[in-house]
Amino acid sequence: MGELIGFGVVRSLVAAYHLVHAAAGHSPAVARTGKYSIYKVGLDMSSDPAVDSKPWASWPVRWFPVLWWGLLVILAALIWAPGVLNLDSDQQVVFSLIMLNLAWLVPLVWLLVSWPPVKRMSFAQRWLLRVAVAAVVVAGFSSLDVDYDGDGAWKAVRFSWSADPDEQLDSLQSSDVAEHWEETPRDYPRFLGSGYWAEVQDVELADDWKFAPPDLVWKQPIGAGWSAFAIVGDYAVTQEQRGEDELVVCYRLSTGEVVWTHADPARHDPGTMQGGLGGIGPRATPTIYEQRIYTMGGTGIVNCLDATTGEAIWTVDLEDLGIEPLLWANAASPLVVPDSNLVVVAGGAAKKESGDSVTNDTTLVAFDRDSGDLVWRGGKPVTSYASPVYAVIAGEPQIIQVEESSVCGYRASDGKLLWEFEQSGSSSGAASCSQPIPLAGDRVLVSKGYSVGSRLMQITRDGDNWRATKIWKKPVLKTKLANLVIRDGYAYGLDHTLLSCVDIETGKVQWKKRRRGGLGHGQIMLVGNVIFVISETGEGVLIECNPEKYVELAAAQMLTDDGITWNNPAMSGALLLVRNNLEAACYRLPTIDDGTALDSED
């Protein structure tokens, strides 16, 4: 990235240099040795002897670039020095990128304003030169297409006219039948599995990966997107983008073979710098329930598919209901409401019609699972990137949804708002992505990045009157793109990019670890008695589920670090599925049942 930026800066300065001298009518000459020659660049800068008789500017003006760069170096040291400003890594990156651009932009402006050859030009020549240089700079940046990591740093750069990685993949067209579709106790049928946080029980992993490393079952390219896998039996279903097709794909878990695909002619590709921070493709994870698969694409297409064939049973485009995608696409995974015939999705933003009016300013939508008919609408005008959660609180079945700037509880039967509390945020800025976690005693734990942190709320009911009361609110567990896991009264999660453990009752930080190599904005899962983290760069890490201290057990690179791993892992038995925006892989993790731990001790 630095090489590309440096190349662009040099080209801009060289272009400005030649434009200046072409406009001023100067030609190359032998380097001057006059007392006040500028930089001795090998150009005759003046035919006027008077120019050599006195300095063209006072020393602060002449040395301005050096002074400016020195100031930026000092600011960079303050930003990155541990314990000085205590900025999160994304704030450090943003400020650094600003300074990096100012490092060449300000001297370039200085050059176009204060350099003697420019000052000697006519008014028209000066402004023609400045417009030409500005055009070169704008054209240079416009020619680049950038992939960003979770901190906003450049991850991959290519020319804007080049094909995106997903556009270079072969199209997927398969219409086989999942003949042996059968639910098992090991299934991982939806986003985060079967509970309120990602957890796989009844599996005890061996932690000596040097002696018995994870066994790669298969690895292959995959389309763009941040959808995770949902697993039933020997079948794993995810969403991905390939060219102009937004796909729901059923893979065979044991081999990676494509069984069937369902394609919608849709593509989320914002194309702008701010929208581009979120990348291309669908986000939501499929929900599998009773041989049907419910999906929501990045642009708002909701599908109910036959699990064995991928054929559509019904389809609804949320845009037809006046709901448009969020800036970084619709990301909420569908929720099948227990003991009902409802499937609930959290759309994007209520579409504005004429002026600021909207036809219906709600974005939480419940459909009949069998027919796709609209049953009720609720929610706020703009939702977040979190998925709806079902819980029974104070005896009332309800849907908990993190909205754009609040967290709300809605009655499951009709979508009526029961309670809410504020959580600052913007779905086109400081976005909320993390799941709310219902806890025993009618409490709800929520977490959020962007320096907001976590809070524990008590939900109470007096007849038809509901109230959400704060138990504690602290700048801990600032989960930007990830979720929390819970074990024995402690919450574990990425506090921005540092793994941390917090006492749920008090909000006290038990520990927070800065790991060499970093976890970035990866994802977390409980597996038996250990924590598995897939880092943003595709490294799998095993950590003790220990509230007293951070103990790392094992680590292995599982996905290419050329990709961005914001996708949640999924697991069935000892088979682990991981993916990013470039590739997917299945690993068989060593377990204690295999005798690995005993053998390694021998």
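Scroll up a little and you will see the structure.
The text that follows walks through the structure, step by step, so that each part is easy to find. Please read these numbers as outputs of a predicted model, since none were measured by experiment.

Pairing between strand β24 (residues 443-448) and strand β25 (residues 453-462): six bridges, direction antiparallel. For R443, the partnering residue across the bridge sits in β25 and is Q458. Between the antiparallel neighbours β24 and β25 lie four residues, among them Y450 with a positive phi of about 55 degrees. Inspection of the sheet shows β25 paired to strand β26 (residues 465-474) by nine bridges, in the antiparallel sense. The residue bridging D462 from the neighbouring strand is N465, located in β26. Where β25 folds back on β26, the antiparallel hairpin that results is connected by two residues, among which G463 adopts a positive phi of roughly 70 degrees.

With respect to the helices and strands, R515 occurs in the loop between β30 (509-513) and β31 (523-527). Taking the relative accessible area as the measure of exposure, R515 reaches 13% and is therefore buried. Apart from the residues within four sequence positions on either side, R515 is in contact with E539, V541, Y550, E552 and A555. Among the polar contacts made by the side chain of R515, one reaches the side chain of E539 at a distance of 3.0 Å.

With that settled, consider the sheet that holds strand β11 (residues 301-306). Taken together, four strands build an open sheet; the order of strands is β9-β10-β11-β12 and the sheet is antiparallel. Strands at the two margins of the open sheet, each flanked by one partner only, are β9 (287-289) and β12 (312-317). Taking the axes of each pair of neighbouring strands and ignoring which way they run, one obtains an average angle of 15 degrees across the sheet. The pairing of strand β10 (residues 292-296) with β11 spans five bridges and is antiparallel. Residue pairing across strands places T295 opposite N303, the latter belonging to β11.

On to the packing of helix α3 (residues 64-80) against helix α4 (residues 89-114). Packing of α3 against α4 brings their axes to within 10 Å, and their N-to-C directions diverge by 180 degrees. In terms of orientation, α3 and α4 fall into the roughly antiparallel class. Side by side, α3 and α4 meet where F64, P65, W68, W69, L72, L75, A76, I79 and W80 of the first sit next to Q92, V93, F95, S96, M99, L102, A103, V106, P107 and W110 of the second. Considering only residue class, the contact of α3 with α4 consists of 17 nonpolar, two polar and no charged.

This part takes up a nonpolar patch on the surface. Where nonpolar side chains cluster on the molecular surface, the patch consists of L71, I74, L75, L78, V84 and L85 and spans about 500 Å² of accessible area. When you line up the elements, I74 lands in helix α3.

Positive phi is not limited to glycine here, since Q291 has a value of about 60 degrees. Here Q291 lies in the loop between β9 and β10. Here A394, not a glycine, exhibits a phi torsion of approximately 55 degrees, which is positive. Within the secondary structure, A394 sits in the loop between β19 (389-393) and β20 (396-402). Note on A394: relative accessible area 26%, which makes it partly exposed.

What counts, and where the lines are drawn
- Residues numbered from 1 in each chain as written.
- Predicted model: local features only at pLDDT ≥ 70, side-chain atom pairs only at ≥ 80, totals over all residues.
- Heavy atoms only, no water.
- Pairing = 2+ DSSP bridges.
- Helix = DSSP H or I, 4+ residues; strand = E, 2+ residues; numbered from the N terminus.
- Buried < 20%, exposed > 50% of the residue type's maximum accessible area, 1.4 Å probe, protein only.
- Contact = heavy atoms within 4.5 Å.
- Polar contact = N/O pair within 3.5 Å; in protein donor to acceptor, adjacent residues only side chain to side chain.
- Axes fitted to C-alpha atoms, helices over the stretch in contact; angles between N-to-C directions.
- Parallel < 35°, antiparallel > 145°, perpendicular 65-115°, else oblique.
- Nonpolar A, V, L, I, M, F, W, Y, C, P; charged D, E, K, R; others polar.
- Patch = residues over 30% accessible without salt bridge, like charges linked within 9 Å, V, L, I, M, F, W, Y side chains within 5 Å.
- Areas by Shrake-Rupley, 256 points an atom, 1.4 Å probe, with all protein chains shown as cover.
- Salt bridge = Lys/Arg side-chain N within 4 Å of Asp/Glu carboxyl O.

Everything listed here is a matter of coordinates, which is why it stays silent on function.
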